[in-house]
Amino acid sequence: MDFTIIKHAVEVDHGIKRLSMHFIKKHAAPGRARLSSELCTLISEEFERIGLTTLPRTLPSSESAFVWVIQRESVLGEVAAVAAALAHLDTLGMNPLPQVFDNYPKAKDNLS
């Protein structure tokens, strides 16, 4: 997997870039015919290794879907990490702000 182009594109755009899963797959596994959930897991692990994160956190297996790729050490990356931790606590029933996801229902779906 060579994500040099993706990492550079994210850095150039101030820590965030919207990319299609087709574009990501093309760089992750150009010889693969389709984007499987296993490949999405490998892509997420490689992104994590090189300092990137995504929204939604769980990558979709549809090549027509778009995701946000975020530099983990950027301000926005840190905000996404805090929000993901809050979503995880909400799933566990331990959210210190239980009404927050009532006001932002799409946020929780993208953070888990």
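For the structure itself, consult the block above.
Conventions we followed
- Residues numbered from 1 in each chain as written.
- Predicted model: local features only at pLDDT ≥ 70, side-chain atom pairs only at ≥ 80, totals over all residues.
- Heavy atoms only, no water.
- Helix = DSSP H or I, 4+ residues; strand = E, 2+ residues; numbered from the N terminus.
- Rg over C-alpha atoms; globule rule 2.2 N^0.38 Å.
- Buried < 20%, exposed > 50% of the residue type's maximum accessible area, 1.4 Å probe, protein only.
- Areas by Shrake-Rupley, 256 points an atom, 1.4 Å probe, with all protein chains shown as cover.
- Lys, Arg positive; Asp, Glu negative; His and termini not counted.
- Charge placed at Lys NZ, Arg CZ, Asp CG, Glu CD.
- Axes fitted to C-alpha atoms, helices over the stretch in contact; angles between N-to-C directions.
- Parallel < 35°, antiparallel > 145°, perpendicular 65-115°, else oblique.
- Contact = heavy atoms within 4.5 Å.
- Nonpolar A, V, L, I, M, F, W, Y, C, P; charged D, E, K, R; others polar.
- Phe/Tyr/Trp six-rings, centres within 6.5 Å; stacked < 30°, edge-to-face > 60°.
- Lys NZ or Arg CZ within 6 Å of the ring centre and 35° of its normal.

A. Inspection of the overall build of the protein chain at higher detail. When helices and strands are tallied, the protein chain shows six helices and three strands. For 112 residues, the compact-globule estimate of 2.2 N^0.38 gives 13 Å, and the C-alpha radius of gyration of the protein chain, at 15 Å, lies within 12% of that figure. Along the first, second and third principal axes, the C-alpha atoms of the protein chain reach 45 × 30 × 20 Å. The 112 residues of the protein chain split such that 36% are buried. Total accessible area computed for the protein chain in this model is approximately 6,900 Å², and 58% of it derives from carbon and sulfur atoms. Counting 12 positive and 13 negative side-chain charges, the protein chain places the centres of these two groups 6 Å from one another.

B. Inspection of the packing of helix H2 (residues 21-28) against helix H3 (residues 37-49) at higher detail. It is at 11 Å that the axes of H2 and H3 come closest, and there the two elements cross at 80 degrees. Classed by the angle they form, the pair H2 and H3 counts as roughly perpendicular. For the pair H2 and H3, the contacting residues are Met21, Ile24, Lys25 and Ala28 in the first and Leu39, Cys40, Ile43 and Phe47 in the second. A breakdown of the residues in the contact of H2 with H3 according to their chemical character gives seven nonpolar, no polar and one charged.

C. Main features of the packing of aromatic side chains. Counted by the stated rule, this structure contains one aromatic pair. Relative to Phe47, the ring of Phe3 lies with its centre 4.8 Å away and its plane at 55 degrees, an arrangement referred to as tilted. Of the two residues, Phe3 is situated in the segment before helix H1 (4-12) and Phe47 in helix H3; the sequence distance between them amounts to 44 residues. Phe47 matches Phe3 in its accessibility class, with the two residues each being buried. Against the face of Phe66 rests Arg18, its NZ or CZ located 4.3 Å from the ring centre.

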